[in-house]
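These are the residues of each chain, in order.
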Amino acid sequence: MQFIFTFIWSFLLFTTLNYVVSSVNAVPFDFGLGAIVSVVAAVILFIMSAILPEEPLPDYE
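(A) Layout of the overall build of the chain. When you go through the chain residue by residue, the secondary structure sums to 2 helices and 0 strands. The C-alpha atoms of the chain give a radius of gyration of 16 Å, which is well past the 10 Å a tight globule of 61 residues would have. Seen through its C-alpha atoms, the chain measures out along the principal axes to roughly 55 × 30 × 15 Å. Residue burial in the chain is summarised as follows: out of 61 residues, 15% are buried.

Written as structure tokens, this is what we have:
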């Protein structure tokens with residue numbers, strides 16, 4: 001379930017970013033590019049969350 005929400009948010013954010021940047025640069029909007037980048041970003045986020053530790057770091061005195 002978490003993957004679905006992560007994909008939805010990455011899809012919305014990267015598609016919006018793709019639309020804004022293509023509008024500013026006056027190039028045609030490519031919906032497929034935003035979808036591909038959002039899938040790649042979601043996979044990278046899950047890989048990062050699997051690698052990074054969840055417990056807090058110990059305090060050094």
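That covers the picture; the talk isn't over yet.
(B) Molecular detail of a nonpolar patch on the surface. A grouping of Met1, Phe3, Ile4, Phe5, Ile8, Trp9, Leu12, Leu13, Val39, Val43, Ile47 and Ile51 is seen on the molecular surface, where their side chains present a nonpolar patch of about 1200 Å² in accessible area. Only helix H1 (2-24) and helix H2 (31-51) provide two or more residues apiece to the nonpolar patch. Examining the composition of the nonpolar patch, we find that 7 residues originate from one element, H1, more than from any other. Its place among the elements puts Ile8 in helix H1.

(C) Highlighting the packing of H1 against H2. Between H1 and H2, the shortest axis-to-axis distance is 8 Å and the interhelical angle comes to 135°. Here H1 is positioned oblique relative to H2, judged by the angle of their axes. Note that H1 runs across H2; the crossing there is right-handed. Along the contact surface, H1 presents Gln2, Phe3, Thr6, Phe7, Ser10, Phe11, Phe14, Thr15 and Asn18, while H2 presents Phe31, Leu33, Gly34, Ala35, Val37, Ser38, Val39, Ala41, Ala42, Leu45 and Phe46.

(D) Structural detail: the packing of aromatic side chains. One pass over the full model with this rule turns up 3 aromatic pairs. Consider the rings of Phe11 and Phe31, whose centres lie 5.7 Å apart with planes at 80°: the pair is edge-to-face. Residue Phe11 is located in helix H1, and its partner Phe31 is located in helix H2; the two are separated by 20 residues in the primary sequence. Exposure remark for Phe11: the relative accessible area of 22% places this residue in the partly exposed category. Taking the centre distance of 5.5 Å and the plane angle of 80° together, the rings of Tyr19 and Phe29 count as edge-to-face. On the criterion of sequence distance, the pair formed by Tyr19 in helix H1 and Phe29 in the loop between H1 and H2 is long-range, its members being 10 residues apart. Classification of Tyr19 as partly exposed rests on a relative accessible area of 49%. A relative accessible area of 36% places Phe29 in the partly exposed class. Aromatic ring contacts, followed pair by pair, group Phe7, Phe11 and Phe31 into a single cluster.

The rules behind these values
- Residues numbered from 1 in each chain as written.
- Predicted model: local features only at pLDDT ≥ 70, side-chain atom pairs only at ≥ 80, totals over all residues.
- Heavy atoms only, no water.
- Helix = DSSP H or I, 4+ residues; strand = E, 2+ residues; numbered from the N terminus.
- Rg over C-alpha atoms; globule rule 2.2 N^0.38 Å.
- Buried < 20%, exposed > 50% of the residue type's maximum accessible area, 1.4 Å probe, protein only.
- Patch = residues over 30% accessible without salt bridge, like charges linked within 9 Å, V, L, I, M, F, W, Y side chains within 5 Å.
- Areas by Shrake-Rupley, 256 points an atom, 1.4 Å probe, with all protein chains shown as cover.
- Salt bridge = Lys/Arg side-chain N within 4 Å of Asp/Glu carboxyl O.
- Axes fitted to C-alpha atoms, helices over the stretch in contact; angles between N-to-C directions.
- Parallel < 35°, antiparallel > 145°, perpendicular 65-115°, else oblique.
- Left-handed = near helix turned anticlockwise from the far one by under 90°.
- Contact = heavy atoms within 4.5 Å.
- Phe/Tyr/Trp six-rings, centres within 6.5 Å; stacked < 30°, edge-to-face > 60°.

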